[in-house]
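# An overview of the molecular structure
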Amino acid sequence: MASPISKKKETSVITHRQKFEGHTEPVWGAIHLPGGQRIITCSVDGSLRVWNMKSGKQIGDDWKDGDSAVWCIAMYPDGKKVVSGSDDGAVRLWDIDTCKVVKKWTGHTEPVSSVCWSRDGRRVLSGSIDGTARQWEVESGETIENILASIETGHENVCAVVYSPDTTLIATGGWDSDARPKYPIKIWDAKTGKLVATLKGHTDQVWCLAWTKDGKTLISGSSDCSIRTWNTTKWKQTAVLDEHTSPVYAIAISPNDRILASVSDDKTARLWNLDNGQPISSPIQHADEVNCVSFSAGGKQLATGCHDINAYIWDVAAILREAGLDDLLSNPQVNATRPPIQVRPPVNRVPQGFFDGVPPSHFSAQSHTRSSALAGTTFIGRLFGHSPSDAQDMSPSSPLDWVRNLLKQHRQSGEGTELQGRSLAVVEVPYAKGKRRNACAREKRKRPLPPKNTTAGSSHPPKPNIAKPPLQTQPADSSLSTTPAIADATITTGTTSMTSRPDIMIRQAGLWTRFWLLICCTSTEHTDGHH
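From a predicted model like this one, the values you see are computed outputs, not experimental measurements.

Of all hydrophobic cores here, the largest spans 24 residues; its most connected members are I185, I187 and L218. Listing elements by their share of this core, those giving two or more residues are β14 (157-163), β15 (169-175), β16 (185-189), β17 (195-199) and β18 (206-211). At 5 residues, the largest contribution of residues to this core is made by β14. Residues in contact with L218, not counting those within four places in the same chain, are V162, A171, I185, I187, L199, A210, W211, R228, T229, W230 and T232. Residues V290, L302, W314 and V316 belong to the second largest nonpolar core, which totals 22 residues.

In this structure the tally under the stated criterion is 9 aromatic pairs. Between W211 and W235 the ring centres are 6.5 Å apart and the planes differ by 80°, which places this aromatic pair in the edge-to-face class. Within this pair, whereas W211 is found in strand β18, its partner W235 is found in the loop between β20 (227-231) and β21 (236-241), the two being separated by 24 residues in sequence. The burial state of W211 is the same as that of W235; both residues are buried. Between Y312 and W314, the aromatic rings sit 6.0 Å apart at their centres with planes inclined by 35°, giving tilted as the arrangement. Put simply, the rings of W28, W71, W207 and Y249 touch in pairs and so form one group of aromatic residues. Note that K81 overlies the ring of Y76, its terminal NZ or CZ placed 5.0 Å from the centroid.

Model confidence for the chain is summarised by a mean pLDDT of 74, while 59% of its residues fall at 70 or above. Ignoring residues within four places in sequence, the model shows residues 360-505, a span with pLDDT below 50, making 217 contacts including any to other chains. Ignoring residues within four places in sequence, the model shows residues 522-531, a span with pLDDT below 50, making 23 contacts including any to other chains.

Now for the sheet that holds β18. If you trace the 4 strands from one edge of the open sheet to the other, you get β18-β19-β20-β21, paired in antiparallel fashion. The sheet is open, and its two borders are formed by β18 and β21, each paired with just one other strand. Between one strand axis and the next, the sheet turns by 25° as a mean value, whatever way the strands run. Here 5 bridges tie β18 to strand β19 (residues 217-222), and the two strands are oriented antiparallel to one another. Residue pairing in the sheet places C208 in a bridge with G221 of β19.

Another point: helix α2 (residues 316-323). Along α2, the residues that are buried comprise V316, A317, I319, L320 and A323. On an axial view of α2, the arc spanned by its buried residues comes to 160°, and they lie on one face. Of the residues flanking the start of α2, the one acting as N-cap is D315, its side-chain oxygen 3.1 Å from the backbone nitrogen of A317. Count one or two residues on from α2 and you reach G324, which has phi positive near 75°.

What the 4 strands build is an open sheet, ordered β1-β29-β28-β27; its pairing is antiparallel. The sheet is open, and its two borders are formed by β1 (18-21) and β27 (290-295), each paired with just one other strand. Within the sheet, the average angular offset between the axes of one strand and its neighbour, ignoring direction, is 20°. The strands touched by α2 within the sheet are β27, β28 (301-306) and β29 (310-315), with β29 carrying the most contacts at an inclination of about 45°.

Cut-offs applied
- By convention here, each chain's residues receive numbers from 1 onward along its written sequence.
- pLDDT decides what is reported in this predicted model: residues at 70 or higher carry local features, side-chain atom pairs at 80 or more are listed and counted, and totals for whole chains, interfaces and linings draw on all residues regardless.
- The side-chain figures draw on all heavy atoms in the structure; neither hydrogens nor water molecules are used.
- Residue types Ala, Val, Leu, Ile, Met, Phe, Trp, Tyr and Cys, when buried and joined through side-chain atoms within 4.5 Å, form a set referred to as a nonpolar core.
- Any residue under 20% of the maximum accessible area for its type is buried, any over 50% is exposed, and the rest in between are partly exposed; the area is computed with a 1.4 Å probe on protein chains only.
- Starting at the N terminus, helices and strands are each numbered in turn, a helix being any DSSP run of H or I of at least four residues and a strand any DSSP run of E of at least two.
- Whether two residues are in contact is decided by their heavy atoms: any pair within 4.5 Å suffices.
- The aromatic pairing rule takes the rings of Phe, Tyr and Trp, using the six-membered ring of Trp, and pairs them if the centres are within 6.5 Å, calling planes under 30 degrees apart stacked, those over 60 edge-to-face and the rest tilted.
- Charge over a ring is defined by NZ of Lys or CZ of Arg lying within 6 Å of the ring centre and within 35 degrees of the ring normal.
- For every residue, the predictor assigns a confidence score, pLDDT, that lies between 0 and 100.
- Should DSSP find at least two bridges between two strands, the strands are regarded as paired.
- Think of each axis as a best-fit line through the C-alpha atoms, taken over the contacting stretch in the case of a helix, with angles from 0 to 180 degrees between the N-to-C directions.
- Picture the helix axis, draw a direction to every C-beta atom, and the arc is the one those directions span.
- Here a polar contact is recorded for every N or O atom pair within 3.5 Å, except that within protein the pair must consist of a potential hydrogen donor and a potential acceptor, and residues adjacent in sequence are included only if both atoms are side-chain atoms.

Have a look at this one:
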């Protein structure tokens, strides 16, 4: 996907905030500890180490339980324990305060490549190169095999496992030697161990998985250099993020679910805007391939572990600030940085009721509930009773057809103008009488009292009865006031009556007729048969 960042920002160099040196082999895990002052790392050298983020110095001695390489670590939800997966196939639970192993689960026959906590902290999920995924009960220290056997995933290697936020599902990724597709993501029922769905799309080994907190999106990274997002309702792929040029080894989602971090064999880490799927900045360069990544509790800092045997801290807040995307650190539910759009009320330059009698198909349903109220907020919408989204519902006849039909009629003094194919309607233009041609629509008028014959409920426009024949034009009553409100005019159709105005009555007046009447303000004084 193309980055929206400018060329200048794309080429800018991002420097680490802190560097942690001490491991003797590549770092494969780096996570933040509670309090925001420390991180813990794991390495192929078989140790876990705690570091002071401000000084970059190691705190205390190495944590070790044998010499097996430690491939993965995950933080207990309350921040007091850490679980690790090792090359010897064991899953270990560490107490952060004592720096000791408090529980050790065995059962995998090959190295443990991935570990994950359930949200309530009661279970640990592990995946192994032996092709299985196992669940462990933290309180009892036993595997849940007494309730549920380990899941034989069908993967030749399980490289990634993750619980759904509600712990009802398990996602696994890796590669299958014989299956087609060869690199699926599989979704399992956490209680029964049955396969729920198989996600097809990656063309190489799947290394990492992450679930958003709302459970609606699963994200995966692969050796095919892509990151893919999946809708967990329909189990369909929704996006492909393909800026990396080498295998994607690890991903992490910010606490507010708005930023994705990814690291790759291409020696970079990248930040992604999950609101639109675009890269946030230029790549975060490392000296060697990057193996792991995690966000701090507030999402403002990023920890990475590198094949150069070091770990690093990066200032996410500064990167977002430079990119002009500071709002990505805020919670989307409370993000109020953008002021609400102000909608100006429409200016009623057209006299109320001017377009009464137009068939309901030219008005929105809402307009019928108000007395001759015109729909739409744009000028054209107010003029013709349409909102912009309703444009496709207008008659297929072109404006020229309406004008052509209008000009074909022979205008006679005292007679109305008829348009072909329109239902009968009577429209009145009272403001032009005795005025210059362009005066009526631009002068303010006081609204007089309604005529005595106004019936209750007449504010709603009548429904046209297309089965009945056209009515004859009624003669005007000169005894009525010459300047009453148009909204009080009525039309008689069968048994339905509306109050009538006495100036000009035009039969079958359509939209364009009303338009030209509005522009030209035709009055009886100018209807001489030659205009």
